[in-house]
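# Fold and contact review
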Amino acid sequence: MEVREITKGVYGVFSLRDIKKGLPLHLFKPTYVEGPTRTSIQINDKHFEDPIGQYLNHCCNPNARVGLIAGTHSIVLVSTENIKRGDELTFDYRTTETKLHHPFKCSCHE
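Residues numbered from 1 in each chain as written. Predicted model: local features only at pLDDT ≥ 70, side-chain atom pairs only at ≥ 80, totals over all residues. Heavy atoms only, no water.

### Observations regarding the sheet that holds strand β3 (residues 24–27)
- Spatial strand order, β3-β9-β8: three strands in an open sheet with antiparallel pairing. In this open sheet, the two edge strands, each paired with only one partner strand, are β3 and β8 (64–68). Across the sheet, the mean angle separating the axes of adjacent strands is 25 degrees when strand polarity is ignored.
- The pairing of β3 with strand β9 (residues 75–79) spans three bridges and is classified as antiparallel. Looking at the pairing, His26 lines up with Leu77 of β9. (Pairing = 2+ DSSP bridges. Helix = DSSP H or I, 4+ residues; strand = E, 2+ residues; numbered from the N terminus. Axes fitted to C-alpha atoms, helices over the stretch in contact; angles between N-to-C directions.)

Right under this line is the structure:
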């Protein structure tokens, strides 16, 4: 599996090159924590921290999703649409979190 290189920006993670829909963007290296934190990501019933994960912001119309690689325990960020170089990488927090550590008002899920 090819994992695309990414780098962090001031408010999020930005792509270094154009990325096609459905490609893996980042293979998480999870450090599991007891419960949700401001920057953790939940997969199934476990929460983890990852150096890149802390820079991923919420979007109701995201360009990426968090998922498991079939047949493994590996967690990956995958593009859900074509992403242009310089675009911020986002995912919908509601797709992974059962309870947010720092809830916020999101106008798209009202």
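### Some remarks on unusual backbone geometry
- Of note, Asn44 is a non-glycine position whose phi angle comes to about 55 degrees, a positive value.
- Within the element layout of this structure, Asn44 appears in the loop between β5 (41–43) and β6 (46–49).

### A short note on the sheet that holds β5
- Reading across the sheet, the three strands line up as β4-β6-β5 and stay open at both edges, with antiparallel pairing between neighbours. Either end of the sheet is taken by a strand with one partner, and the two such strands are β4 (31–33) and β5. Between one strand axis and the next, the sheet turns through 45 degrees on average, direction left out of account.
- Two strands pair when backbone bridges link them, and β5 and β6 are joined in this way by three bridges, in the antiparallel orientation. Each bridged residue has a counterpart across the sheet, and for Gln42 the counterpart in β6 is His47.

### Here's the deal with the nonpolar core
- Core analysis: the biggest nonpolar cluster contains 15 residues, and Leu25, Phe28, Ile41, Leu56, Val66 and Leu77 have the highest contact counts within it.
- Those elements giving two or more residues to this core turn out to be β5, β8, β9 and β10 (88–91). (Core = buried A, V, L, I, M, F, W, Y, C linked by side-chain atoms within 4.5 Å. Buried < 20%, exposed > 50% of the residue type's maximum accessible area, 1.4 Å probe, protein only.)

### Concerning the environment of Val66
- You can see Val66 is positioned in strand β8.
- For Val66, a relative accessible area of 11% translates into the label buried.
- Put simply, Val66 and Val76 are ten residues apart on the chain and 5.8 Å apart in space, counted from C-alpha to C-alpha.
- Among residues more than four places away in sequence, those in contact with Val66 are Phe28, Ile41, Ile43, Ile75, Val76, Leu77, Phe91 and Thr96. (Contact = heavy atoms within 4.5 Å.)

### Some thoughts on the packing of aromatic side chains
- One pass over the full model with this rule turns up three aromatic pairs.
- Aromatic side chains Tyr32 and Phe48 sit 6.2 Å apart centroid to centroid with 65 degrees between the ring planes, which places their arrangement in the edge-to-face category. A residue pair is termed long-range when its members are at least 10 positions apart, and Tyr32 in strand β4 and Phe48 in strand β6 qualify at 16 residues.
- Taken together through their ring pairs, the aromatic side chains of Phe28, Tyr32 and Phe48 make up a single cluster. (Phe/Tyr/Trp six-rings, centres within 6.5 Å; stacked < 30°, edge-to-face > 60°.)

### Some details on the pairing of β8
- Relative to β9, β8 runs antiparallel, the two being bridged by five bridges. Each bridged residue has a counterpart across the sheet, and for Gly67 the counterpart in β9 is Val76.
- Here β8 hands over to β9 after six residues, with Gly71 in that stretch at a positive phi of 75 degrees.

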